[in-house]
Each structure stands twice: as structure tokens, then as C-alpha cells.
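# Analysis of the macromolecular model
Take a look at the letters that make up each chain.
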Amino acid sequence: MAHFAKLSLGSKVISVHVVSNEVATTEQAGIDFLHQLHNYPFWKQTSYNTQGGVHTLGGTPFRKNYAGIGYKYDEDRDAFIPPQPFNSWTLNEDTCQWEAPVIYPDDGIIYKWDEETTSWVEFYS
């Protein structure tokens, strides 16, 4: 199955649609099908198996990240970029994912981000 992100005029992902591979033999064929079906012109194909510029099944990564609602399509990077989770986080240009200014601890404890202190704090359920 092929996946396509429906984009707003500002290139924000407003939904993701699935098209059979028999119809979406190329990206343009999928876009043409969706345009005709929904009478809406702005679509970009996305890969369900791409995250952080890596294809999870070992294939060729496509547009850095699988598109999700609220993501933005960046034409210059040809990438889907998730919303920035916190103001202190910066965009990794290679993965097009946001990174905290402090690395997540690798000690088996679950943490959450505290923007006020710009640090990871233990998460208590």
C-alpha cells in the first residue's frame, strides 16, 4: 500500500490516505487518483517504514519521516518534519527530527522532559 499526505496551503499535513499499489504505480499516479477522488490538489507520498531518515525494513528511506497529522512538508529538504515538541529542542538536519539539548539517560528509568529546567526528570505514574 502507498501512503499519501494531504497538505494544507502552508504545507502542513492535514491527513494521510492509503492508495493501493495497483493504482499508485508512481507518486504522480497516486496524486492524480487522490486529486480526482477528493478534488484536492496538494499531496505528497510518504513512507510508512521511514523514520529519522532510516527505512526500518532496510529499504531506501523516503522523505526522512512518515508523515503524521500536524507534520510539515519541507520542500527544500524534501522531508516531513514533526511539530517541535519544546522550544529548547533543535532540529537534526540529517534525521529531520527534534532533539533535546540533553541526551536521554540510558539507565532503565523512564523520564519525561521538563522544559522549565531543560532536563529529563523521572516519570512517576
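Use the structure listed above.
Scoring rules and cut-offs
Residues numbered from 1 in each chain as written. Predicted model: local features only at pLDDT ≥ 70, side-chain atom pairs only at ≥ 80, totals over all residues. Heavy atoms only, no water. Helix = DSSP H or I, 4+ residues; strand = E, 2+ residues; numbered from the N terminus. Buried < 20%, exposed > 50% of the residue type's maximum accessible area, 1.4 Å probe, protein only. Contact = heavy atoms within 4.5 Å. Phe/Tyr/Trp six-rings, centres within 6.5 Å; stacked < 30°, edge-to-face > 60°. Lys NZ or Arg CZ within 6 Å of the ring centre and 35° of its normal. Patch = residues over 30% accessible without salt bridge, like charges linked within 9 Å, V, L, I, M, F, W, Y side chains within 5 Å. Areas by Shrake-Rupley, 256 points an atom, 1.4 Å probe, with all protein chains shown as cover. Salt bridge = Lys/Arg side-chain N within 4 Å of Asp/Glu carboxyl O.

### What about the side chain of S47?
If you trace the backbone, S47 turns up in the loop between β3 (43-46) and β4 (50-51). Residue S47 is classed as buried on the basis of its relative accessible area, which comes to 13%. Here S47 is in contact with H55, F62 and Y66, once residues within four sequence places are set aside.

### What about the packing of aromatic side chains?
According to the stated counting rule, one finds eleven aromatic pairs in the structure shown. Taken together, a centroid distance of 5.4 Å and an interplanar angle of 45 degrees make the contact between F86 and W89 tilted. Ring centres of W113 and W120 lie 4.9 Å apart, and the angle between their planes is 75 degrees; on these two criteria the pair is classed as edge-to-face. Given a relative accessible area of 9%, W113 falls into the buried group. Clustering of aromatic rings is evident, with ring pairs tying together F86, W89, Y104, Y111, W113 and W120. Between K6 and the ring centre of Y40, over which it is positioned, the NZ or CZ distance is 4.6 Å.

### Some thoughts on a nonpolar patch on the surface
There is a patch of nonpolar side chains on the surface, built from I103, Y104, I110 and F123 and spanning about 460 Å² of accessible area. In this structure, I103 sits in the loop between β9 (97-99) and β10 (111-114). Look at I103 and you get exposed, because its relative accessible area is 78%.

### Focus on the pattern of salt bridges
A full pass over the atoms with the stated rule returns four salt bridges. Note that D78 and R63 form a salt bridge whose closest N and O atoms lie 2.6 Å from each other. On the criterion of sequence distance, the pair formed by D78 in the loop between β6 (72-74) and β7 (79-81) and R63 in the loop between β5 (54-55) and β6 is long-range, its members being 15 residues apart. Judged by relative accessible area, D78 falls into the partly exposed class, the value being 33%. Put simply, D74 and R77 hold a salt bridge, and the shortest N to O gap is 2.5 Å. For D74, a relative accessible area of 18% gives the class buried. For R77, a relative accessible area of 33% gives the class partly exposed.

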